[in-house]
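Below, each chain spelled out in residue letters.
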Amino acid sequence: MPTLRALIATLALVATATLAHHAVAETEEPRILVIGDSLLAKNRLADRNVAARLSALLDEPVADHSVAGAWMIYNLPITGAMGLSIPKQWRDGDWDWVIMNGGGNDLWLGCGCDNCDYKLNRLIAENGRRGAIPSLVQQIRHSGARVLIVGYLRNPGFSSPIKSCKDVGDTLEARIARLAEIDPNVYFHPLTDLVPHGDLSFHAIDRIHPSLKGSDAIARRLAKVIQSAR
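Residues numbered from 1 in each chain as written. Predicted model: local features only at pLDDT ≥ 70, side-chain atom pairs only at ≥ 80, totals over all residues. Heavy atoms only, no water.

A. Representation of the state of the cysteines in the model. In total, this model carries 2 disulfides according to the counting rule given. Disulfide pairing places Cys111 opposite Cys116 at an S-S distance of 1.8 Å. Its S-S torsion of about 110° marks the bond between Cys111 and Cys116 as right-handed, since a negative value means left-handed. The disulfide bridge from Cys113 ends at Cys165, spanning 1.9 Å between sulfur atoms. Of note, the bridge from Cys113 to Cys165 carries an S-S torsion of about 90° and is right-handed in sense. (Disulfide = S-S within 2.5 Å.)

B. Highlighting the pairing of strand E5 (residues 186-191). Where strand E4 (residues 146-153) lies against E5, 5 bridges are found, and the strand directions are parallel. The residue of E5 that forms the bridge with Val147 is Val186. The handedness of the E4 to E5 crossover, carried by helix H9 (residues 166-182), is right-handed. (Pairing = 2+ DSSP bridges. Helix = DSSP H or I, 4+ residues; strand = E, 2+ residues; numbered from the N terminus. Right-handed = clockwise from strand over helix to strand, strands pointing away.)

So, in C-alpha cells, the structure goes:
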C-alpha cells in the first residue's frame, strides 16, 4: 500500500505540473509581432496565414496585426488606424521580433507600377536610409526588437495582374536589402526563389496572393531565420 500511495502521489504531482505548464503556455505573452499587407494576412480565415503557421512551427504565440490591402504610406486617419496603414499596425511592446512587409500596394495601386520613382523614393531612398520603410524600421529597432522584412512572392513562368510590377519590385527589394546591411539586427528575406518555374501551387487563384501552401512555405522560411538567429 505505501508503494501504491507513493505512485498516486507521484502521478498527482506530474498532473499538477502538466496543468501548470499548460496554464503558463496559454497565458504566455507573444514575443513576435507580424505587421504588413495581404502577403502575410492571406488565409487568416482558415487559420493558416503566415502568422498562424509561424506560431505552430515555433510552438509559441505570435501576435498578428497584418491587414489585407494595407499601405506603407496611408494618410486617411480612421481606416489607417484600423490597419490599412502598416506603420499604425505597429504597437510598442516587449517584442523579440517584428516581422513586416509592405510597399507593394503603394506601388501597384498608387502608381500602377509605372513611373513610380517618386513613390519609390518616398518608400525608401536608393541608399536604404530614408523613407517610410526605414523610418518604421528605425522606430521598431528603438524598442529593442529585431526586424525581419519579408520580400514579395514572384510568379516565374506564368502571367499575373502584377507582372508589370516586377522591375519596380526588384528595385524596392534591392533598396530594402541595403537597409538590412546597415543594422545587423535587421534581416531581409526575399522570396524570389520560393516558387519553382511554372508552378501555380504557391499562389491563390488570383496569382497574386499566397495559397495555403504558399503561406506555409513562407512561414517555414521565416521560422528558419528566427531559429538560426537565436
